[in-house]
Amino acid sequence: MRDVFLDLVLGGRCVGCGRPGRALCRACEDGLPEGPHPAWPTPPPAGLAMPWAAAPYAGTVREMVVAHKERRVFALRRPLARLLAGAVRPLASGPVILVPVPSRPGTSRARGHDPTYALTRAAGRLLRIEGYAVAAARLLASRGGVADQAGLDAAARASNLAGSMCCPSDGVRRLSGRRLRVVVCDDVLTTGATAREAQRALEAAGLEVAGIAAVAATQRRVRTVSSHRDSSGLRLSSLGDND
Ligand SMILES: [Zn+2]
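Residues numbered from 1 in each chain as written. Predicted model: local features only at pLDDT ≥ 70, side-chain atom pairs only at ≥ 80, totals over all residues. Heavy atoms only, no water.

Q: Got a minute to help me understand the overall build of the chain in this structure?
A: Within the chain, the secondary structure is distributed over nine helices and eight strands. By the burial criterion, 44% of the 243 residues in the chain qualify as buried. For the chain, the share of sequence-separated contacts (at least 6 apart) that also reach a separation of at least 24 residues comes to 68%. In the structure as shown, the chain presents an accessible area of about 12,300 Å², 51% of it carried by carbon and sulfur atoms. (Helix = DSSP H or I, 4+ residues; strand = E, 2+ residues; numbered from the N terminus. Buried < 20%, exposed > 50% of the residue type's maximum accessible area, 1.4 Å probe, protein only. Contact = heavy atoms within 4.5 Å. Areas by Shrake-Rupley, 256 points an atom, 1.4 Å probe, with all protein chains shown as cover.)

Q: For this particular structure, what's the right way to read the packing of aromatic side chains?
A: One pair of aromatic rings is described through two measures. These are the centre distance and the angle between the planes. Applying the stated rule across the entire model yields zero aromatic pairs. Geometry around Y117 places R138 over its ring, the cationic atom sitting 3.9 Å from the centre. (Phe/Tyr/Trp six-rings, centres within 6.5 Å; stacked < 30°, edge-to-face > 60°. Lys NZ or Arg CZ within 6 Å of the ring centre and 35° of its normal.)

Q: What is the right way to read the sheet that holds strand β3 (residues 96-100) from this model?
A: Hydrogen bonds between backbone atoms are what pair the strands of a sheet, whose relative direction is either parallel or antiparallel. The six strands lie next to each other as β1-β2-β8-β7-β3-β4, forming an open sheet whose pairing is mixed. Taken across any chain shown, the strands that pair with only one partner, and hence form the sheet edges, are β1 (37-38) and β4 (134-136). For strand β7 (residues 181-189) and strand β8 (residues 208-217), the ladder comprises eight bridges, and the chain directions are parallel. Note that in β8 the partner of C185 across the bridge is A213. With respect to the sheet, helix α4 (residues 77-88) is in contact with β2 (51-56), β3, β7 and β8, its orientation differing from that of β8 by roughly 140°. With respect to the sheet, helix α9 (residues 193-204) is in contact with β3, β7 and β8, its orientation differing from that of β7 by roughly 160°. (Pairing = 2+ DSSP bridges. Axes fitted to C-alpha atoms, helices over the stretch in contact; angles between N-to-C directions.)

Q: Would you mind going over the coordination of the zinc ion with me for this structure?
A: For a metal with four tetrahedral donors the ideal donor-metal-donor angle is 109.5 degrees, whereas six octahedral donors ideally subtend 90 or 180 degrees. Within the protein, C14 (SG), C17 (SG), C25 (SG) and C28 (SG) serve as the donor atoms for the zinc ion, at 2.2 to 2.4 Å. The coordination sphere of the zinc ion comprises four donor atoms, whose angles at the metal cover 104 to 115°; the geometry is tetrahedral. Within one chain, the residues serving as donors to the zinc ion are arranged as C-x2-C-x7-C-x2-C. You can call C17 partly exposed: its relative accessible area is 43%. According to the relative accessible area criterion, C25 is buried, its value standing at 5%. (Donors = N, O, S within 2.8 Å, 3.2 Å for Na, K, Ca; no water. Tetrahedral: all angles 85-135°; square planar, octahedral: opposite > 155°, others 65-115°.)

Q: It is not clear to me how the pairing of β7 should be interpreted in this structure. Could you clarify?
A: Each regular strand carries side chains that alternate between the two faces of the sheet. Most of β7 sits inside the fold, with eight of its nine residues counted as buried. Bridge count between β3 and β7: five bridges; the pairing is parallel. Residue pairing in the sheet places V99 in a bridge with V184 of β7.

Q: In this structure, what is going on with the side chain of H113? I would like to understand it.
A: Within the fold, H113 resides in the loop between α5 (107-111) and α6 (115-129). Among the polar contacts listed, one links the side chain of H113 to the backbone oxygen of H68, at a separation of 3.4 Å. (Polar contact = N/O pair within 3.5 Å; in protein donor to acceptor, adjacent residues only side chain to side chain.)

Pasting the structure below:
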């Protein structure tokens, strides 16, 4: 009844199965992955802190991320935050600050919200309810001048991002002298270049980065298609060499 009503009023559909009603139906929510997994990109950026992801970036989770980010389907924030909280849990052995990767200047303005920050804050709230000493803080800023990452391969992403983030001093000064571990939070882990740049900027400000937590991580590519290019323009033969 409630779902039918919501569909009539809002025209809502489940992003997973298309069933009219809420943005994520009970069945699709129950089908979300349970435990996080280590999510090393292939190849991993040198020095990347331990990355954890709650799910592969595919299927319902992918639809959820895109709908929340691009179409502002805020009803998905809670289930997405639950996934992100799951990826933080293995890294939360002491007091932890969750730091969202910053969106490019202008991007959150254009979208009207900052989805990664919103998810990070919500994940922090969920973990505090469970008794973890966790807080979210926007310690990173983007310097601008960074091109859209879509369509760039791993090397191009890394050089596009090098030096692109910084830690404005007032946020960090409040934390100095405390024994805090920082967890970098993002929605999707792809090549790891964004997370690595966030880690570099935090470490340059004297903070210890315990790891990376993401809602989802793109899957390693398989070598059997090594002579082709996938739709994002990545040369598949350059990936998966560590298999
Ligand atoms: Zn569904």
